[in-house]
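Residue-level structure breakdown
The lines below spell out each chain.
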Amino acid sequence: MRTAALTPQLRQDALATLRSTTEGGPELDVLVIGGGVTGAGIALDAVTRGLSTAVIDAQDWASGTSSRSSKLVHGGLRYLQMLDFHLVREALTERDLLINTLAPHLVKPVSFLYPLEHRVWERAYVGAGVALYDTLASVSGRERAMPIHRHLSRKGMEKLFPDLRHDAAVGAVRYWDAAVDDARLVSTLIRTAVSYGAHAASRTQVLGMTTTSGGAVTGAELVDLETGEQFTVRARHVINATGVWTEQTESLAGTEGGLRVLASKGIHIVVPRDRIAGNTGLILQTEKSVLFVIPWSRYWVIGTTDTPWEQELTHPVATSADIDYVIDHANAVLARPLTREDVIGTWAGLRPLLQPGTKEGTSSAKVSREHTVASPTPGLTVIAGGKLTTYRVMAKDAVDFAIGSRATSLPSITDRVPLIGAEGLEVVQRQSRDTAQRYGWDRGRMDHLLHRYGSLIHELIDLIEAEPALAEPLKNAPAYIGAEVVYAATHEGVLHLDDVMMHRTRLNYEQADKGVGALEEIADLIGPRLGWDAATREKEIAAYRSRAEAEFAAAEAPDDVAAEVARLQAEDLSPMLPLPGGDRVEAGTKPGSTPDTPAAAGPAGT
């Protein structure tokens, strides 16, 4: 398989293929609307069945929920309290499949401490639950990906996490799950799908659906938000995987049927790694949700919250009250309390909470506890709910449902299709010492590159061989080397400076200045590769500066309404066009209050 590079030209070629479906070319088998983890997974599933496939997103890949999660690949330990053994086993199977086979470079084990406040009964209760968790992971028939849990005394707990308050727990249970850079997982899925023949176009929005006189969907009306060009695409099956935009996208088909989705906001804060002394993560129960303290690279990620979101859907933000809530709950167990000055970054994501049942007019549906696939009208399949960990199962269910009886002769094979960067990983790991010495990289730098690119690191090395200075760290963002920024433009589908800052790197929340200090250097690296002139370069820099200022202001706002006003002061360079019904969500029940969406339904997108 040739690994595809998501160049601007490849995007243009994809758009040309879509246009050709109404200009005498063959129609697509599958058009996927939505480029988050579910849509990207669907595109890979469909194309590897031999179906002609295209995937579009109105924004950058993973720019919604799928870049704003807790970045965990987990089995849902808390679902054991609800006796949902099937759901836990399914998620654990997918977790281990990602670690062992599909994406071992992207998905890494991480351990957590579950602090115990009661010496006898709680240790027995929690220990039995975690033991069952480990057992369910073992019965999948696959190679075990994680160590088994361990019981720790207070002394053992304090050795692993010195900054845990001495009186916060009498001991702990240590168990294992996994972590992933969610946006990189999505972009890797997209590139893998394109490498197998899928067509992918970001910044391409659906404006309407084309239908027969009987209401069956036959394609979609699209707009290239970079140029404003509108055109129509024909497809046998259109799959709506737009998350919190599900109902707005459904409405474009002119049907009253479909799924109901509410948005719940979950926020996370980022603090420097040296601010908390600990060698493992923490999981804490709060009165409203679950709080994770997650070790991640050079910092800690702490979250999350679970609050209704009734504002516009594109730019959710953390408010001052959100940030204080997370700090206060973390401080309940930390020996050295955090302050607002310790917070170097934040993000907010929206969980697409699936509501029970379907709208009137929906002819059929396949329902699981976590996600539902439905067909509000022939030719249109809708999937909603779910979690990042089980994206592959969701994708399989959506394609199976869309193609109906053909699924028997064209079964899903994605459980044995490694993502790009996984093939040959062990070889480049064994060669890593020599590679690091050749370019002057320390162990931390080499681990960083292998984790992000896996065996694709040779493509970065090709760039460096042609331009040796690209092996050096950025002056104002030294966690990244120049080759990573150039690679984002030449291989990873970047169209704007914002794409680099938000999704190819995570400088927006990894540095206290949101990466503003590195803008000039990054623009100098990607501008020539994207054909920018001086005016475009300045426009891109000004747009990101405006975004950063707006996000700083939103983080000082007391509530969602005020935070939205502050955030929307910054304009997008290629904004989404308004859809019927607007870009807001209807106020509903408290997120998580329904039987199908447990109160701690998980961090946004996980």
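Procedures and definitions
The written sequence of each chain sets the order in which its residues are numbered from 1. Selection of residues for local features in this predicted model requires a pLDDT of at least 70, selection of side-chain atom pairs for listing and counting requires 80 or more, and totals for whole chains, interfaces and linings are taken over all residues. Each side-chain value is derived from all of the structure's non-hydrogen atoms; neither hydrogens nor water enter the calculation. Centre distance within 6.5 Å is the pairing criterion for rings of Phe, Tyr and Trp, where only the six-membered ring of Trp is used; planes under 30 degrees apart are then read as stacked, over 60 as edge-to-face, and the remainder as tilted. What counts as a helix is a DSSP run of H or I of at least four residues, what counts as a strand is a run of E of at least two, and both are numbered from the N terminus. Each residue is placed in one exposure class: buried if its accessible area under a 1.4 Å probe, protein chains only, is under 20% of its type's maximum, exposed if it is over 50%, and partly exposed if it falls in between. The distinction between a cavity and a pocket rests on a 1 Å grid over the protein atoms alone: a 1.4 Å probe fits inside a cavity but cannot get out, while a pocket stays open yet meets protein on both sides within 12 Å along at least five of seven lines, and a residue with an atom within 4 Å of a point counts as lining. Grid points are joined across faces, edges and corners, and a volume is the space filled by probe spheres set on the points. What is meant by a nonpolar core is a set of buried Ala, Val, Leu, Ile, Met, Phe, Trp, Tyr and Cys residues, joined one to another through side-chain atoms within 4.5 Å. Domain limits in this description derive from either an automatic procedure or a database domain assignment. The contact criterion used throughout is that any non-hydrogen atoms of two residues lie within 4.5 Å. Here the term charged refers only to Asp, Glu, Lys and Arg, the term nonpolar to Ala, Val, Leu, Ile, Met, Phe, Trp, Tyr, Cys and Pro, and the term polar to all other amino acids, Gly among them. When two parts are brought into contact, each loses some accessible area as probed by a 1.4 Å sphere; the total of that loss over both is the buried area. Take a side-chain nitrogen of Lys or Arg and a carboxyl oxygen of Asp or Glu: if they are within 4 Å of each other, that pair is a salt bridge.

1. Comments concerning the packing of aromatic side chains
Following the criterion strictly, the structure yields seven aromatic pairs and no others. Look at phenylalanine 112 and phenylalanine 292: their rings are 5.7 Å apart centre to centre, the planes differ by 65°, and that puts the pair in the edge-to-face class. Remark: phenylalanine 292 occurs in strand β13 (residues 290-296) and phenylalanine 112 occurs in strand β4 (residues 108-116); sequence separation between them is 180 residues. With respect to class, phenylalanine 112 is no different from phenylalanine 292; both count as buried. Ring geometry for tryptophan 347 and tyrosine 509: centres 4.4 Å apart, planes at 40°, overall tilted. Highlighted residues: tryptophan 347 in strand β16 (residues 345-359) and tyrosine 509 in helix α16 (residues 507-510), separated in sequence by 162 residues. A single burial state applies to tryptophan 347 and to tyrosine 509, both of which are buried.

2. Examining empty space enclosed by the protein
In this structure the tally under the stated criterion is ten cavities of 30 Å³ or more. One number sums up the size of the second largest cavity: a volume of about 310 Å³. Considering the residues around the second largest cavity, the lining is formed by 25 residues, among which Arg203, Asp498, Arg547, Asp572 and Leu573 are closest to the centre.

3. Regarding unusual backbone geometry
If a residue is not glycine, its phi is most likely negative; likewise, a peptide bond is most likely trans. In this structure, serine 297 takes a positive phi of about 55° despite not being glycine. Here serine 297 lies in the loop between β13 and β14 (299-303). Even without a glycine there, the phi angle at lysine 514 is positive, about 60°. Relative to the assigned elements, lysine 514 resides in the loop between α16 and α17 (519-530).

4. Observations concerning the nonpolar core
Residues Ile42, Val107, Leu185, Leu189, Ile190 and Tyr391 are the most contacted members of the largest nonpolar core, which totals 51 residues. Every element with two or more residues in this core is listed here: β1 (28-33), α2 (37-47), α3 (85-102), β6 (171-179), α6 (182-195) and α9 (391-403). When residues are assigned to domains, this core turns out to be shared by domain 1 (8-66 + 184-260 + 355-416) and domain 2 (87-179 + 263-352), each giving three or more. Beyond its immediate chain neighbours, meaning those up to four positions away, leucine 189 contacts Val37, Ala40, Gly41, Leu44, Tyr391 and Leu419. One finds Ala436, Leu449, Leu497 and Val516 within the second-largest nonpolar core, a separate group that totals 47 residues.

5. Things to note about the layout of surface pockets
Roughly 690 Å³ of volume is contained in the largest pocket. In this structure, the largest pocket is lined by 28 residues; those nearest its centre are Trp296, Ser297, Asp447, His448 and His451. Contributing elements (two or more residues each) for the lining of the largest pocket: β4, β13, α10 (425-430) and α12 (443-453). The element best represented in the lining of the largest pocket is α12, accounting for seven residues. A per-class count over the lining of the largest pocket returns twelve nonpolar, six polar and ten charged. Here the lining of the largest pocket gathers at least three residues from each of two domains, domain 2 (87-179 + 263-352) and domain 3 (425-568).

6. Considering the domain arrangement of the protein
Taken domain by domain, the protein comprises domain 1 (8-66 + 184-260 + 355-416), domain 2 (87-179 + 263-352) and domain 3 (425-568). Each of domain 1 and domain 3 has a C-alpha centre, and the two are 29 Å apart. Buried area between domain 1 and domain 3, summed over both chains or domains, comes out near 1200 Å², and the portion from carbon and sulfur atoms is 42%. A per-residue breakdown of the area domain 1 buries against domain 3 is headed by Asp60, Arg184 and Arg191, which together make up 54% of the total. In this assembly, domain 1 and domain 3 are joined by four salt bridges. Of all the elements in the fold, those that place two or more residues in the side of domain 1 that touches domain 3 are α1 (8-20) and α6. Considered class by class, the residues forming the side of domain 1 that touches domain 3 number three nonpolar, two polar and six charged.

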